[in-house]
Amino acid sequence: MERRGEPAPQQSLEFTVENVEKALHQLYYDPNIENKNLAQKWLMQAQVSPQAWHFSWLLLDMDKVPEIQYFGASALHIKISRYWNDIPADQYESLKSQLFSQITHFASGSKIVLTRLCVALASLALNMMPEAWPCAVADMVRMFQAEDSNVDGQARCLALLELLTVLPEEFQTSRLPQYRKGQVRGVLAQECSSVFPLLEQLLQQQDSPSFIKQKVLKCFSSWVQLEIPLMECENLIQAAFTSLREPELFDTAVEAIVNAISQPDAQRYVNTLLKLIPPVLGLQDQLRQAVQSRDMEMSHGICRIAVALGESHSRSLLDQVDHWQSFLALVNMIMFCTGIPGHYPVNETTSSLTLTFWYTLQDDILSFDSEKQAMYQQIYRPVYFQLVDVLLHKAQFPSDEEYSCWSSDEKEQFRIYRVDISDTLMYVYEMLGAELLSSLYDKLGRLLTNTEQPSSWQHTEALLYGFQSIAETIDVNYSDVVPGLIGLIPHISISNVQLADTVMFTIGALSEWLADHPVMINNVLPLVLQALGNPELSISSVSTLKKICRECKYDLPPYAANIVAVSQDVLMKQIHKTSQCMWLMQALGFLLSALQVEEILKNLHSLITPYIQQLEKLADETPNPSNKLAIIHILGLLSNLFTTLDISHHDDDHESAEVKKLPVPQGPNPVVVVLQQVFQLIQKVLSKWLNDAQVVESVCSIFEKSVKTLLDDFAPMVPQLCEMLGQMYSTIPQASAIDLTRQLVHIFAHEPAHFPPIKALFLLVTSVTLTLFQQGPRDHPDIVDSFMQLLAQALKRKPDLFLCSSLDVKAVFHCGVISLKFPETPTAKSACGFFTELLPRCGEIPPVGQVVHENGKMLLQAVLEGIGGQASRNSMEQFAEILFVLNKHCFSYLSIWIKEVMQQDGFPSTRVSPEQKEIFSQQILRERVNKRRVKEMVKEFTLLCRGLHGTEYTADY
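On a predicted model such as this, the values are computed, not experimentally measured, just so you know.

Turning next to the packing of aromatic side chains. One pass over the full model with this rule turns up 26 aromatic pairs. Judged by centre distance (5.8 Å) and plane angle (40 degrees), the rings of Phe 397 and Trp 457 are tilted. Taken together, the positions of Phe 397 in the loop between α18 (370-394) and α19 (400-404) and Trp 457 in helix α22 (residues 457-473) put the pair 60 residues apart, joining distant regions of the chain. Between the aromatic rings of Tyr 403 and Trp 406, the centroid separation amounts to 5.4 Å while the plane-to-plane angle is 55 degrees, which identifies the pairing as tilted. Sitting over the face of the ring of Phe 336, Arg 288 holds its NZ or CZ atom 5.5 Å from the ring centroid. Between the NZ or CZ atom of Arg 778 and the centre of the ring of Phe 822, over which it lies, the distance is 4.8 Å.

Put into structure tokens, the structure is as follows:
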């Protein structure tokens, strides 16, 4: 081995066999990761070099180790697949015979090298078809069936099967142009006549060993994905069904059958599909035995086959009305798979495969004309009622004892599985309608009133879960069973967390119904308030209370005192985690919004006072990590309360007319009253924590949420908040302070009364940030990002701000150009947003016009550098917008600038020629109307600049 730390091969080394071997040694055995990386980089260059044609064959020498041989085979594949046009036509034949002979050599050698060589020959065949090598597949079969004394028959057979298996796979991933792809696909589909008889023969031969049959099934699997007519696959599919009886072939046979049945083209061959139903139904005994013997893999495989046939072709099979019974038998087989015994995912993993089938079947039935639909509704409604029973049985929790042994991962998978069941039930409602709710309600009623046979909590929970699944997304306001259900809920004896959770979520799902039937609120509200005290029901109880307070707030005043008292109690006892405490505060905000102002103030006082006292105490303490968390928690509670406490009914456009007639209270807004009371305290907290971004963010969040909710009502606070923000930002600039400034500019800048403080704050923030830019803004991408957004907002809402004599527009412009070059995509995008707002103002704001005319060329240079490869490809749409706006508003300048800038050698990229630059410049200057076209031009040009044009990297772009 080489010495540790010996330098990796340098980029300048020649691409020779010896150097490749050294580099491979380094890649596999050098412990130094940097050397490995250098070796890998060099090897990638070697693979695509012209010398690869020479050294690849030498690396395949039988005396060399497989890693080296593998590299040689891979290099050949890369040269053939990616650089086909470099190969002279007169060398095709010698290349073909060399590859054939190497594959013959490796038939008994290293499997990984054999596969790579097969892939290389497959690539060669695809590039030569059909003109240069018309019968490629038939030739391959003939070559390997010819007697060769050096290689035994079995090894030859395996090599041929490997070659035939990788050929369709290589086709799927090949880089053939689109027109060639269609042509080659057609040729391959015809060539299957040379392949399938051989595969059939090998599968039916008594003496074929299992590993050969397995390879045959894999090969068949690979070919069916070329959209070969299903009727031509019939014999092989039948042979694959036979192979299902052999345990070692089972998995491969399942894969082959599923691939054959699932290909989209298969639906054209209805007669063949009908012929496949009996063999699938014939697997039912094997399925039942697998379930009895708990052979999960076998039951899973058989279920996959049944679902593949049902799901891929339900429409085609339903169309065959004369065969409705055999399709119904298949549906019943899938129902058996849905209801397979055991708890998902611990004792079974099969039932989840079937859920999409039920969607598909229902969609297809409902898409028929009325006559056919009526017939199928009659046949399948009972099936779907049965499905509901099966799904609710599958959704049941196991016994407490069993559930406690499950891992957290199994519990999470079961939770997701129940969500899938919930979605399916919601869907089934379309088929069964109100009758489904009635049936669930009847079952629940019988269950809860049957005194002779007390039911398990699991049974009750599953029925409620079914109800909740439907009520959550479907408007049940007109359902005649909901009143009965609300009446039943208090009679459920809740002995268990899962059941209690579902009861809570069900009440939450019915909150809109409760808003229309307020007389029923008292039936369920006590349950919710009781559950609030249980930490195990934290999420369900708090989210349900929040829904009730949001939907039913105008009916809650009689219960308000009670709700506030219980909530205060659980908040003080710290029963809930932080996020649930925040939700609870939002719930109280909704609740208080509907009260009279004096009531709101009274409740706010009792609710907030304990926190204010705590905050006063914390404000006097020396800053440390634990009191920081407490401060952030209290500020978060206030901020969430103010998010939803809205007495002006901004959110109530959807409410009834009578709500809109509620008199808007006179006098100051309660939130403003509270904010004014705590303002000094917040300033005191800030003065100690100005260095801490999280505390500053939490303070800004209170005001930002309040401004967003209160809008104009926030006006009395504007002067003092502007002053505080200015002090904060001057001391230590932070992004959250700029974001709040932007909010204030957005809402108040255009109002003459508030313009002076807003203007002063804007100028102060700008001046402080400009100083930051002089010191070096690179460490503050978040501040730069927020600053660019603030400038854009100012231009949108109050362009007059740019007329202020104290605003250095030139410096702001330069900052924008610097921000464009930030590697952080969000910051660069925000800088683009600033320029797309600024440039259209050239005419109306003289200072802006002057700066753009003097410095626009510098902006253009930065934009083109970004497009040339300096900026992320994700920002190209925004860069294109700047070009579009420049062209629209500064055309005469742009036509001069773009010429001058593009004349620089190697700009914006060494990969684009002067002609390509000229074409791009002309395209941009011509397009002044269609922004989408400019984006497309920039997208094309940036790919050229980055050397990515026409590569696989552009596929998703």
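Before going further, it helps to spend a moment on the environment of Thr 502. You can see Thr 502 is positioned in helix α24 (residues 497-509). Separated by 436 residues in the primary sequence, Thr 502 and Pro 66 place their C-alpha atoms 60 Å from one another. With residues near it in sequence (within four places) discarded, Thr 502 still touches Arg 418, Glu 461, Leu 464, Tyr 465 and Gln 468. Within the local environment of Thr 502, its side chain forms a polar contact with the side chain of Glu 461, the two groups lying 2.5 Å apart.

So, on to the nonpolar core. The nonpolar side chains of a soluble globular protein tend to be buried, and buried together. By size, the foremost hydrophobic cluster in this structure holds 333 residues, and its most contacted members are Trp 223, Tyr 380, Phe 703, Phe 714 and Phe 802. Top contributing element to this core by residue count: helix α6 (residues 111-128), with 12 residues. Val 20, Trp 42, Leu 59 and Phe 71 belong to the second-largest nonpolar core, a separate cluster that totals 14 residues.

Here we take up the pattern of salt bridges. Tallying each qualifying case throughout the model produces 33 salt bridges. When the shortest N-O distance is used, the salt bridge between Glu 348 and Lys 394 registers 2.9 Å. In this pair, Glu 348 is assigned in the loop between α16 (324-338) and α17 (355-366) and Lys 394 in helix α18, connecting sequence segments 46 residues apart. Among the residues examined, Lys 394 registers a relative accessible area of 4% and is labelled buried. Close ionic contact of Lys 857 with Glu 900 constitutes a salt bridge, the shortest N to O distance being 2.8 Å. Of this pair, Lys 857 sits in helix α41 (residues 846-870) while Glu 900 sits in helix α43 (residues 891-902); the two residues are 43 residues apart in sequence, bridging distant segments of the chain. Through salt bridges with shared partners, a single network forms among Arg 315, Asp 319 and Lys 372.

With that settled, consider helix α9 (residues 178-204). When the terminal C-alpha atoms of α9 are compared, their 38 Å separation across 27 residues agrees well with the 39 Å that a helix rising 1.5 Å per residue should span. Its maximal kink placed at Ser 193, α9 deviates by approximately 35 degrees, while the proline Pro 197 follows within four residues.

Cut-offs and rules
Residues numbered from 1 in each chain as written. Predicted model: local features only at pLDDT ≥ 70, side-chain atom pairs only at ≥ 80, totals over all residues. Heavy atoms only, no water. Phe/Tyr/Trp six-rings, centres within 6.5 Å; stacked < 30°, edge-to-face > 60°. Helix = DSSP H or I, 4+ residues; strand = E, 2+ residues; numbered from the N terminus. Lys NZ or Arg CZ within 6 Å of the ring centre and 35° of its normal. Contact = heavy atoms within 4.5 Å. Polar contact = N/O pair within 3.5 Å; in protein donor to acceptor, adjacent residues only side chain to side chain. Core = buried A, V, L, I, M, F, W, Y, C linked by side-chain atoms within 4.5 Å. Buried < 20%, exposed > 50% of the residue type's maximum accessible area, 1.4 Å probe, protein only. Salt bridge = Lys/Arg side-chain N within 4 Å of Asp/Glu carboxyl O. Expected span 1.5 Å × (residues − 1). Bend = angle between axes of the 7 residues up to and from the residue.

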